[in-house]
Amino acid sequence: MKVLVIGSGAREHALCRSLSLDPAVTALHCAPGNAGIAEVAELHAVDALDGAAVAALATELGAGLVVVGPEAPLVAGVADAVRAAGIPCFGPSGEAAQLEGSKAFAKDVMAAAGVPTARSYVCTTPAEVDEALDAFGAPYVVKDDGLAAGKGVVVTDDLEAARAHANACERVVIEEFLDGPEVSLFAITDGVTVLPLTPAQDFKRALDGDEGPNTGGMGAYSPLPWADPKLVDEVMDTVLQPTVDELRRRGTPFSGLLYAGLAITSRGVRVIEFNARFGDPETQVVLARLKTPLAGVLLHAAEGTLADEPPLNWSDDAAVTVVVASHNYPGTPRTGDPIDGLDAVAEQDAPHAYVLHAGTKRDGDAVVSAGGRVLSVTATGTDLTEARERAYAALGRIRLDGGQHRTDIAAKAAAGTPTAG
């Protein structure tokens, strides 16, 4: 099978790494990719938001499967264009991807499907914003209705900060605050059958102790030793299957990766948000533990035959990933800084630890930073303590001027305590 992956982040590097290890994959391509992905796949220049261009590239390469990584191409309908060219594609239609593209649409689907979530208001005027903020009180949860690369959500006790964020958005969802630890649960689906993956937890705040601004994610770990063993079954029954069934009932079947961001509240499991693609950085740890070859599972989902897929096989090992971000992230990042130590990690830490590239590119013989989140240092171990030690040992070999990372990824979980995520 020839596979084409669309995207350029650490999520796509994790996908490409897993696909490169799958004996069924005879050729692996990525567009546009990054410096790390170039080591396992052939890179191609393409506008990832241009469905016709992606479909043309897939046709030219003779791809038997296209995997669309990021949310923006999915919302733009790139998967539709690929399927229209007769090529199996892993990723939902543009219409179904509105589950991530519009938080108001997602709330409507959840209401119709009876999925437990936070009470909310959709606001388009300052008066509606003030009424909603007053109704819920602090902490205020304010979400840009559209795509915002993981940075469209503000959770704050500061009324003026909440109001400012809301009024800067064309359309905003304001909702009640959900207490309790957060969990990410991915599921692969063909629009009928739903196949859950293993839960993970990510860390959205920029600084240790869950302080600082929200980011696209600064690290993640799996499994969750503190979670109820019945959690996956409960979420399947109350969230994932009802959502897939409701979208099919509406005539917009969801095929691809359904990501449920969950809060384990004092009143039970509640959905914080849905995403229409693999999450970053959770994908890095989930795929590190997946033993089932990936390509066949994705192809079954793309072709509507997921019911034929046997249960997934998971490693008993734990996995931890720590994100190295550039100077000033999540503000406007500084780019072009050289990254040193990558060869040392490959020589001294493999196979238990490795580096997945996000915002990187080649500059002559050097690899330099090219985005906000630059690398995901990922490691496995017999438990979270060993996986953490290996990840941070590998990270210690890397040098990036102005680089920043959290030092507490999975620390509480390793000690048996859930964290806010």
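Predicted model, so just to flag it, every value in this text is computed and none were measured.

Peer 1: Got a minute to help me understand the nonpolar core in this structure?
Peer 2: Nonpolar side chains tend toward joint burial in soluble globular proteins. Ranked by size, the top nonpolar core spans 76 residues in total, and within it Leu 4, Val 66, Tyr 221, Leu 240, Phe 274 and Val 320 carry the most contacts. It is helix H9 (residues 231–249) that provides the largest number of residues to this core, a total of 8 residues. Core analysis: the next-biggest nonpolar cluster, separate from the first, contains 41 residues, Leu 65, Phe 186, Leu 299 and Ala 319 among them.

Peer 1: Sorry, what's going on with the pattern of salt bridges here?
Peer 2: Where charged atoms from two side chains of opposite charge approach closely, those side chains can pair. Summed over the entire model, instances satisfying the criterion amount to 24 salt bridges. Across the pair Lys 107 and Glu 175 runs a salt bridge whose closest N-O atoms are separated by 3.0 Å. Taken as a pair, Lys 107 in helix H6 (residues 103–113) and Glu 175 in strand S9 (residues 172–175) lie far apart in primary sequence, 68 residues in all. With relative accessibility at 12%, the residue Lys 107 sits in the buried group.

Peer 1: Please explain the pairing of strand S7 (residues 140–144) as it appears in this structure.
Peer 2: It is a general feature of regular strands that their side chains alternate between the two faces of the sheet. In terms of burial, S7 is a largely internal element, 4 of the 5 residues being buried. Note: S7 against strand S8 (residues 153–156), 4 bridges, orientation antiparallel. From the neighbouring strand, Lys 143 faces S8, where its bridge partner is Val 153. Where S7 and S9 come together, 4 bridges link them in antiparallel fashion. Within the sheet, the bridge partner assigned to Asp 144 lies in S9 and is Val 172.

Peer 1: I keep staring at helix H8 (residues 159–168) and nothing clicks. Help me out?
Peer 2: Given 3.6 residues per turn, any residue in an α-helix points the same way as the ones three and four places further on. Every buried residue belonging to H8 is among Ala 162, His 165 and Ala 166, and all of these are buried. Within H8, the buried residues cover an arc of 100 degrees as seen down the axis, which keeps them to one side. Elements that come into contact with the buried residues of H8 comprise helix H7 (126–136), S7, S8 and S9. The backbone nitrogen of Glu 160 lies 2.9 Å from a side-chain oxygen of the residue at the head of H8, namely Asp 158.

Peer 1: How do you make sense of the environment of Ala 200 when you look at a structure like this?
Peer 2: Counting through the fold element by element, Ala 200 comes out in the loop between strand S11 (194–196) and strand S12 (201–202). Residue Ala 200 is classed as buried on the basis of its relative accessible area of 1%. Once the C-alpha coordinates of Ala 200 and Ala 14 are considered, the two residues, 186 residues apart in sequence, prove to be 15 Å apart. Beyond its immediate stretch of four places on either side in the chain, Ala 200 contacts Val 183, Ser 184, Tyr 221, Ser 222, Leu 224, Glu 282, Val 285 and Val 286.

Peer 1: Just checking my understanding: could you explain the pairing of strand S14 (residues 211–214) for this structure?
Peer 2: Direction of pairing for strand S13 (residues 205–207) relative to S14: antiparallel, over a ladder of 2 bridges. Bridged to Arg 205 within S14 is Asn 214. Where S13 folds back on S14, the antiparallel hairpin that results is connected by 3 residues, among which Gly 209 adopts a positive phi of roughly 75 degrees.

Peer 1: Is there a simple way to think about the side chain of Glu 282 in this case?
Peer 2: By secondary structure assignment, the location of Glu 282 is in helix H10 (residues 282–289). No salt bridge is formed by the buried Glu 282; its nearest oppositely charged neighbour, Lys 204, is found at 5.4 Å. The contacts of Glu 282, once residues within four sequence positions are left out, are Ser 184, Phe 186, Ala 200, Asp 202, Ala 220 and Tyr 259.

Peer 1: Mind showing me how you'd approach the sheet that holds S7 here?
Peer 2: The antiparallel open sheet is built from 4 strands, whose spatial order is S6-S9-S7-S8. The two strands at the open ends of the sheet, each matched to only one other strand, are strand S6 (120–123) and S8. The mean angle between the axes of side-by-side strands here comes to 20 degrees, regardless of whether they run parallel or antiparallel. By the bridge criterion, 4 bridges tie S6 to S9 in an arrangement that is antiparallel. Within S9, the position partnered with Ser 120 by the bridge is Glu 175. Packed on one face of the sheet, H7 meets S6, S7 and S9 and runs near 165 degrees to S6.

Peer 1: What exactly am I supposed to notice about the packing of helix H1 (residues 10–20) against H10 here?
Peer 2: Two quantities define a packed helix pair, namely the angle between the axes and the distance from one axis to the other. It is the contact of H1 with H10, at a shortest axis distance of 8 Å, that shows an interaxial angle of 15 degrees. On the basis of their axis angle, the class for H1 and H10 is roughly parallel. Of the two possible hands of crossing, H1 and H10 adopt the one that is left-handed. On the side of H1, the interface is formed by Ala 10, Arg 11, Ala 14, Leu 15 and Ser 18, while H10 contributes Thr 283, Gln 284 and Leu 287. Partitioned by chemical class, the residues of the contact of H1 with H10 number 4 nonpolar, 3 polar and 1 charged.

Peer 1: Would you mind showing me how to read the packing of aromatic side chains here?
Peer 2: Per the counting criterion, the structure on display carries 5 aromatic pairs. Taken together, a centroid distance of 5.3 Å and an interplanar angle of 50 degrees make the contact between Tyr 121 and Phe 136 tilted. Pair noted here: Tyr 121 is in strand S6 and Phe 136 is in helix H7, with a separation of 15 residues, a long-range link. What makes Phe 136 buried here is its relative accessible area of 17%. Relative to Tyr 259, the ring of Phe 186 has its centre 5.1 Å away and its plane inclined at 35 degrees; by these criteria the two rings are tilted.

Peer 1: Explanation requested: the sheet that holds strand S4 (residues 65–68) in the structure shown.
Peer 2: Taken in spatial order, the 5 strands of this open sheet run S3-S2-S1-S4-S5, and their pairing is parallel. In this open sheet, the two edge strands, each paired with only one partner strand, are strand S3 (42–43) and strand S5 (89–90). Pairing analysis gives 2 bridges linking strand S2 (residues 27–32) to S3, with the strands arranged parallel. Looking at the pairing, His 29 lines up with Glu 42 of S3. Against the sheet, helix H2 (residues 51–61) contacts strand S1 (2–7), S2 and S4, and its axis sits at roughly 155 degrees relative to S1. Strands in contact with helix H11 (residues 294–303) are S4 and S5; relative to S4, the strand with the most contacts, it is inclined by about 90 degrees.

Conventions used here
- Residues numbered from 1 in each chain as written.
- Predicted model: local features only at pLDDT ≥ 70, side-chain atom pairs only at ≥ 80, totals over all residues.
- Heavy atoms only, no water.
- Core = buried A, V, L, I, M, F, W, Y, C linked by side-chain atoms within 4.5 Å.
- Buried < 20%, exposed > 50% of the residue type's maximum accessible area, 1.4 Å probe, protein only.
- Helix = DSSP H or I, 4+ residues; strand = E, 2+ residues; numbered from the N terminus.
- Salt bridge = Lys/Arg side-chain N within 4 Å of Asp/Glu carboxyl O.
- Pairing = 2+ DSSP bridges.
- Arc of directions from axis to C-beta.
- Contact = heavy atoms within 4.5 Å.
- Polar contact = N/O pair within 3.5 Å; in protein donor to acceptor, adjacent residues only side chain to side chain.
- Lys, Arg positive; Asp, Glu negative; His and termini not counted.
- Axes fitted to C-alpha atoms, helices over the stretch in contact; angles between N-to-C directions.
- Parallel < 35°, antiparallel > 145°, perpendicular 65-115°, else oblique.
- Left-handed = near helix turned anticlockwise from the far one by under 90°.
- Nonpolar A, V, L, I, M, F, W, Y, C, P; charged D, E, K, R; others polar.
- Phe/Tyr/Trp six-rings, centres within 6.5 Å; stacked < 30°, edge-to-face > 60°.

Everything listed here is a matter of geometry and, on its own, says nothing about what the molecule does.
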